[in-house]
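# Descriptive analysis of the structure
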Amino acid sequence: MPLYCTEFVFDGKSSKEYDLIIGSFDGGQNGEATAGNNIEFTTFKAPNSNQWVKTSAAYNEPLSFTFQICKNPYVSKEPFSERELAFLMRWLVQKDYKYLQFIQQGFEHIFYRCQLNAERYLIGGECYGLTLTAACDAPYGWSDRNTTTISSLTDTTVRLYDSSDEIGIIYPAMKIVSNAGPQDIIISNALTSDVMKINNCIAGEEITIQDMKIKSSECYKASDNKGYAGNHLTFFDDFNWKWFSIGNTFENRINEITVTGNCTVNMNWRVPRKAVV
């Protein structure tokens, strides 16, 4: 029988829909096999010195943890059938990273982008539960999705607060719509010293940036495979290949962002959450 119950959501589907709960078997404690947030330092010691100097530091492993699931005993005490197991494996074990969320106090706004591996928990040859191992894409979890829209006629400056639990920067997904043209659009961040510039944008052009990839609605691969088509064929030469980021230092979390040009900028991003699983 489980020691405690928690609803979880994976890939947008809730365990509650399938009468599943999180529990532990044989008195085991869920979450005791955790890893991540471990930083590996590279140091050296100069001759005739008793002091080591740090040359670099990096996380050496992503976050991983295990938890167990079973049927809600108030609904059914029967073992999983082969058909039920096939459904669970199709849902929970996928080749791509998906977001995992625990509906529990303190975890409501934390998402783990992970892949799940499953092992059956057998009693008398029957499967009464699964032990799931989450392998995350980072040494921490992620926040809810943050969104903002900046509308500029000529020159607009806004301030964004970075609530991240990790000191550093992240790259938001962006959609930039040029409302006039031809014009140069510049987006800069005083905190991170980023200056992203796209020259010769035309009216109505939509520029999207995600995972450090950029594309334009006015510069696209022609369907006849004879090169690019559109009204901004110099787009990739007009981009300065400086990626915009949002960040923080230990002392400062305020990002002063300036947008130059007649355009609308939509951004969305998640920030690290260092929650203990």
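Refer to the structure above for everything that follows.
Residues numbered from 1 in each chain as written. Predicted model: local features only at pLDDT ≥ 70, side-chain atom pairs only at ≥ 80, totals over all residues. Heavy atoms only, no water.

This model, assessed by the stated rule, comprises one cavity of 30 Å³ or more. Space inside the largest cavity adds up to approximately 40 Å³. Lining of the largest cavity is provided by Tyr171, Pro172, Met174, Ile209, Met212, Trp243 and Phe244. Partitioned by chemical class, the residues of the lining of the largest cavity number seven nonpolar, no polar and no charged. (1 Å grid on protein atoms, 1.4 Å probe; cavity = no way out; pocket = protein on both sides within 12 Å on 5 of 7 lines; lining within 4 Å. Points joined across faces, edges and corners; volume = space filled by probe spheres on them. Nonpolar A, V, L, I, M, F, W, Y, C, P; charged D, E, K, R; others polar.)

Attention now moves to the sheet that holds strand β22 (residues 254–260). Taken in spatial order, the four strands make up an open sheet running β12-β22-β15-β16, and their pairing is antiparallel. Of all the strands in the sheet, the pair left with one neighbour each is β12 (155–161) and β16 (194–201). Between one strand axis and the next, the sheet turns by 15 degrees as a mean value, whatever way the strands run. Pairing of β12 with β22, which is carried by seven bridges, proceeds in the antiparallel orientation. Bridging across to β22, Leu160 finds its partner in Asn255. (Pairing = 2+ DSSP bridges. Helix = DSSP H or I, 4+ residues; strand = E, 2+ residues; numbered from the N terminus. Axes fitted to C-alpha atoms, helices over the stretch in contact; angles between N-to-C directions.)

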